[in-house]
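An overview of the molecular structure
In case you want the letters, here they are:
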Amino acid sequence: MQISNQTLKDLEFPAVQQGIADFVYTEKVASRVFDLKPYENKSALLNDLHATNEYLATFDSGNALPFSEYFVLDEFLKRLEIENYYLPAEEFFKIKSNSLQVKEIKKHLASFEEYLPTLFAKAETVLYEKEIVKIIDQVFNKFGEVKDDATPELKQVRAKIKQLNARITELFNKSMAHHTQVLDDIRESVIGNRRVLAVKSALRRSVKGQFLGTSKTGSISFIEPESVLNPRRELDELREEEKHLIIQILLKLTAEIAVYKPLLETYQEFLEYLDFTQAKAKFAQTMQAVLPNISDKLTLNLIDAYHPLLYLNNLKRKEKTIPQTLRLDEHQRIIIISGPNAGGKSITLKTVGLNQIMIQSGILIPVHPKSEVGFFDKIFTDIGDNQSIENHLSTYSYRLKQMAHFLKYADDKTLLLVDEFGTGSDPDLGGALAEVFFEEFYERKAYGIFTTHYTNIKLSAEKLPEAINASMLFDKHSLEPLYRLELGQAGSSFTFEVAEKNKIPYRLINRAKKKVENDKVRLDKTILKLQQEKFEIQKTKNEVEELKESQEVKQELLEETQDKIQQKLYDFQQLYDKEQKTLMMGKRINEMADNYLKSKNKKQLISNFLKIIEIENSKKTKEIQQQRKIEKIIEKEVKRELKVNEETISKQQEKIEAKEKQATQQKIKALKVGDRVKIHGSNSVGTIEKIKDETLFINYGIFTTQISVNEVYKI
C-alpha cells in the first residue's frame, strides 16, 4: 500500500490521531494510536472497524462494557523469569485487578454475543484462569496486606509481635504514670515509630532510659523508658524475622505466578486492545461517526460527509458545518471541482481524503449510514504550498516532482487528490501541461478529485465520459460562498464580480476585461449564468419537495381520518344489526309464549326453544371462528408494531422502571425499624422488625413475615 507520511500530513491525519489518543488510558496505547496507519490486511481492517462499531453501540444501549483503567505490568512480567526475584506486594494487587477485569468483560460479552460478535470472538481467544486470583487471595487480604496465616511461621511471629506490643504499651504506661511529676504538658511523643516520654529537660536525669533528642526549643527531652528497652529490641528482631518470612512468601508466590506469565501477557494485550478500541469509539461518538457500507468494488459514495476536524471545531464554536455529497465509481472516476477562491474547494477535497484515510485505518467516519466506501491501494495528495527550502525547490518544482511520482505509480486502484491542479507556472503553459497530466491519469483508469481554475481542464472533463465537472455554489447577488458542491457543471471563478464587490474601480475592471480574450469572458459569464440558474432551480426543487412532503403528511392525516370515520360507521352498523337481532329474538319468543298459552303444549314449546338455541349457536360458532381470524391478524400486526418500536418501548420501559425504583427508594427512606404498618387490603397491624433492600420483615406478635415495601403502608 502506498500512502506516504506527506499524504497523512496533507490530510491532517495526525490531528485525528491526537483526538483518539486523548481517550486512551495508557501511554503505551497512545503510542499505538500515533503509529496507526492505513491497514495492509483488509480482513484485519474489517475486524477492527466492526469491533469499534460494536463498542460504539454499547454507549447508547445501556449495556456498557465493564472496562475501565487497568495496570501496565510489562516491566514486572519481564522479570518473572529472573532467579530469586520476587514481585512487590502491590504488583500482585495489579495482577489480580487485571485478571478480575478480564473475567467481568468475558462474562459481559458472553451475555451479549448476539449484539457484539466481533468483541465476543476476541474475548473467546483469552482464557480466564481463576487460580491466579485464588493463589493471590490465599496470601493477601482485601487491603493488600500479607495475611497472618499465610504460613504457620508468620502466624507465630505475628502473635509474638502482638503480645510484645501489648507488653511494651503496658510498661510504657506504667513508666509514664510513675514519672508524671517530671513530664511536660504533652506528656509523650513518637520518634522513629517509638513512643517516648516528653520530659522537662531540667529534670531529665531523674528518668532512666534511652535519650532520643529534644524539642526545637530544647525545653523538652524525649526519653524511651528503661523498662521497654529490652522488649523493644526483641520486637525489632521479630520485625526483621517477619520481613524475612514475607520475602519468602513473596518469592514462593512469584514462582507460582510465573507459571501464568504467558496468560498474564495475553490479559495485558487484550486490555490494551480494548483500550485502543474504546478510544476510537469515544472519538467516533464526539462527531456522530458511523460505519458506512463497505464495498468490494472501488467506489466512493459519500452522503452528507463532514470534514471530521472542521466538524469538531465548529461544534466547539457552536457553528454549523455543511456536509458534502459526491460519488466516485467506475463510471464516474474523476471529478474536476472549480469555482471562486474561499468557496470550499480545498476543504471538500480534504473531506474526501481524510475520511478515506480514516476508514482505511479502522476509524469510523462522520457520514450518513447509507454511504458506501471501497478501499484504494494508493492514495496520492498534492495539497497546499509545499515549498522545500531544504532541497531548494520552488512550489512549482515541488509540484512537478510530485506529478512525476504520481505518473510513475498511478494505476486503476489509485485515488488522486490534487488542489489547484496545474498552478505555479505560466497560466497557458501550466494549464496545457496540467491537461496532459489529467488525460494521462484518466487513461490509466485512476480515480481522483482535482480542484482548478483552468478552463481547458474543465472543457476536457466535459468531453470524457468517466469524468465530471463540479462547482462550489456561490450566490451571484451577495457574492457569498454557499459551501455546497454541485456535480455536473463547471464553476465560474467570479474574478471580476469579486473585484467589483471589493470596490476595485470599474474602469480598471473594464480595462482588464478588454485584455482577456472575448471567448473566455463569454464562457465565464455563461458558466456564471448557468450556475446561478442551477442554484435557483435547486432552490425551487427544494421548495417543491417541502410542499410535496407537507401534502403527503396532510394526505396521510386525511386518510387516517377517513379510516376512523369508516370504522365508526362499521361499529354503528354492527350495533344496529345486534339490536335488530335481539328484537327479532324477542318477537319469536313472544310468539312462542302466545302459542303455548293457547295450546298448553310444553313439548312443542321446548322443541321450538331448543331449535332457536341450536340455530343461534351455529351462527356463534361461525362468528367465533371469524373473530379468531381477526384476532390473529391483529396479534400479528401488534407484534410487528412492537418489533418496529422495540427500542422506543424499551427506553420508555427503562424510564418507568427508574421512576418506580426511585419511588420505592423514597418509600424505604420514609420507613424505619419500629414503624407500624398495614398490608394493602388487610386490617392487621404489624411492626417493622428489619429492612433488607426492598424487603420488610414484619412482626405480628405470634409470627414474622417477609413482604415487599410496595405492598404496605405506614399508619
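Residues numbered from 1 in each chain as written. Predicted model: local features only at pLDDT ≥ 70, side-chain atom pairs only at ≥ 80, totals over all residues. Heavy atoms only, no water.

**Here we look at the overall build of the protein**
Counting its secondary structure elements, the protein contains 21 helices and 19 strands. Here the protein, with 715 residues, has 38% of them falling under the buried criterion. The long-range share in the protein, meaning contacts at least 24 apart out of those at least 6 apart in sequence, stands at 68%. (Helix = DSSP H or I, 4+ residues; strand = E, 2+ residues; numbered from the N terminus. Buried < 20%, exposed > 50% of the residue type's maximum accessible area, 1.4 Å probe, protein only. Contact = heavy atoms within 4.5 Å.)

**So, the packing of helix α2 (residues 13-21) against helix α3 (residues 27-34)**
Between α2 and α3, the shortest axis-to-axis distance is 9 Å and the interhelical angle comes to 160 degrees. Considering the angle they form, α2 stands roughly antiparallel to α3. As α2 runs across α3, the sense of the crossing is right-handed. The segment α2 lies against α3, with Q17, Q18, I20 and A21 engaging A30, V33 and F34. For the contact of α2 with α3, the per-class residue count stands at five nonpolar, two polar and no charged. (Axes fitted to C-alpha atoms, helices over the stretch in contact; angles between N-to-C directions. Parallel < 35°, antiparallel > 145°, perpendicular 65-115°, else oblique. Left-handed = near helix turned anticlockwise from the far one by under 90°. Nonpolar A, V, L, I, M, F, W, Y, C, P; charged D, E, K, R; others polar.)

**Overview of the pattern of salt bridges**
Inspection of the entire model under this criterion finds 26 salt bridges. Two residues, K252 and E256, come together in a salt bridge whose shortest N-O distance is 3.1 Å. With a gap of four residues between them, K252 and E256 both fall in helix α10 (residues 229-258), about one helical turn apart. Taking relative accessible area as the criterion, K252 reaches 54% and is therefore assigned exposed. A residue is classified by how much of its surface remains accessible, and E256, at 29% relative accessible area, is partly exposed. With its nearest N and O atoms 3.4 Å apart, the salt bridge here joins K672 to D675. Judged by its relative accessible area of 8%, D675 is buried. (Salt bridge = Lys/Arg side-chain N within 4 Å of Asp/Glu carboxyl O.)

**A word on the packing of aromatic side chains**
Enumeration according to the criterion identifies 10 aromatic pairs in this entry. For the pair F376 and Y447, a centre-to-centre distance of 5.5 Å together with 70 degrees between the ring planes defines the contact as edge-to-face. With a gap of 71 residues between them, F376 in the loop between β9 (372-373) and β10 (378-382) and Y447 in strand β12 (residues 447-451) connect regions that are remote in the sequence. With relative accessibility at 6%, the residue Y447 sits in the buried group. Arranged with centres 6.2 Å apart and planes meeting at 70 degrees, the rings of F438 and F450 form a pair that is edge-to-face. On the criterion of sequence distance, the pair formed by F438 in helix α15 (residues 427-443) and F450 in strand β12 is long-range, its members being 12 residues apart. The structure contains a cluster of three or more aromatic residues connected by ring pairs, namely Y25, F67 and Y70. (Phe/Tyr/Trp six-rings, centres within 6.5 Å; stacked < 30°, edge-to-face > 60°.)

**Here's the deal with the nonpolar core**
Of all hydrophobic cores here, the largest spans 116 residues; its most connected members are V16, I132, I257, L274, M358 and I449. Among the elements that take part in this core, helix α11 (residues 261-286) stands out by supplying 12 residues, more than any other. Residues in contact with I132, not counting those within four places in the same chain, are I95, S99, I257, Y260, L263, L264 and Y267. Formed by 20 residues, the second largest nonpolar core is a distinct cluster that contains A410, F437, F441 and A446. (Core = buried A, V, L, I, M, F, W, Y, C linked by side-chain atoms within 4.5 Å.)

**Some points on the sheet that holds strand β16 (residues 685-692)**
In any sheet, the strands associate via hydrogen bonds between backbone groups, in a parallel or an antiparallel arrangement. Pairing is antiparallel in the open sheet, where five strands are placed in the order β18-β17-β16-β15-β19. At either margin of the open sheet sits one strand with a lone partner, and together these are β18 (704-708) and β19 (712-714). Strand-to-strand, the axes of this sheet are offset by a mean angle of 45 degrees, without reference to chain direction. Sheet topology places strand β15 (residues 676-679) next to β19; three bridges connect them, and they run antiparallel. Within β19, the residue paired with V677 across the bridge is K714. (Pairing = 2+ DSSP bridges.)

**Let's talk about unusual backbone geometry**
The residue D304 is not glycine, and still its phi comes out positive at about 50 degrees. Mapped onto the elements, D304 comes out in strand β6 (residues 300-305). In this structure D304 comes out as partly exposed when scored by relative accessible area, which is 33%.

**Points about the sheet that holds strand β5 (residues 293-294)**
Strand order in this open sheet of four strands is β5-β9-β6-β7, and the pairing throughout is mixed. The strands lining the two open edges of the sheet, one partner per strand, are β5 and β7 (324-328). Pairing geometry for β6 and β7, over four bridges, is antiparallel. Each bridged residue has a counterpart across the sheet, and for N301 the counterpart in β7 is R327. Packed on one face of the sheet, helix α13 (residues 345-359) meets β6, β7 and β9 and runs near 115 degrees to β6.

**With respect to the environment of A670**
With respect to the helices, strands and loops of the structure, A670 is situated in helix α21 (residues 646-670). When the C-alpha positions of A670 and K714 are compared, they lie 9.0 Å apart, and in sequence the two are 44 residues distant. In contact with A670, not counting residues within four places along its chain, are D675 and K714.

**Describing a nonpolar patch on the surface**
Taken together, the side chains of I589, I606, F609, L610 and I613 present a nonpolar region at the surface, about 430 Å² in accessible area. Top element by residues in the nonpolar patch is helix α20 (residues 602-644). It accounts for four residues. Note that F609 resides in helix α20. (Patch = residues over 30% accessible without salt bridge, like charges linked within 9 Å, V, L, I, M, F, W, Y side chains within 5 Å. Areas by Shrake-Rupley, 256 points an atom, 1.4 Å probe, with all protein chains shown as cover.)

**A few points about helix α4 (residues 42-61)**
In an α-helix there are 3.6 residues to a turn, and that puts residues three or four apart on one side. Along its 20 residues, α4 runs 29 Å from first to last C-alpha, staying within 8% of the 28 Å computed at 1.5 Å per residue. For α4, the set of buried residues is L45, D48, L49, A51, T52, E54, Y55, L56 and T58. Where α4 begins, the capping side chain belongs to N41, and its oxygen is found 2.9 Å from the backbone nitrogen of S43. Phi for G62, located one or two positions after α4, is positive at around 80 degrees. (Expected span 1.5 Å × (residues − 1). Polar contact = N/O pair within 3.5 Å; in protein donor to acceptor, adjacent residues only side chain to side chain.)

**Looking at a positive patch on the surface**
Among the surface-exposed residues, K103, K107, K130 and K134 lie close enough to one another that they form a single positively charged patch. Mapped by element, the contributors of at least two residues to the positive patch are α6 (89-111) and α8 (130-139). Along the chain, K134 falls in helix α8. (Lys, Arg positive; Asp, Glu negative; His and termini not counted. Charge placed at Lys NZ, Arg CZ, Asp CG, Glu CD.)

**Let's talk about the confidence of the model for the protein**
On average, residues of the protein carry a pLDDT of 83, and 83% of them reach 70 or more. Confidence drops under pLDDT 50 across residues 387-392; counting only partners more than four residues distant or on other chains, this segment forms four contacts. (pLDDT = per-residue confidence, 0-100.)

**Re a negative patch on the surface**
Together, E543, E545, E546, E549, E552, E556, E559 and D563 line one region of the surface with negative charge. Along the chain, E546 falls in helix α19 (residues 518-599). With relative accessibility at 55%, the residue E546 sits in the exposed group.

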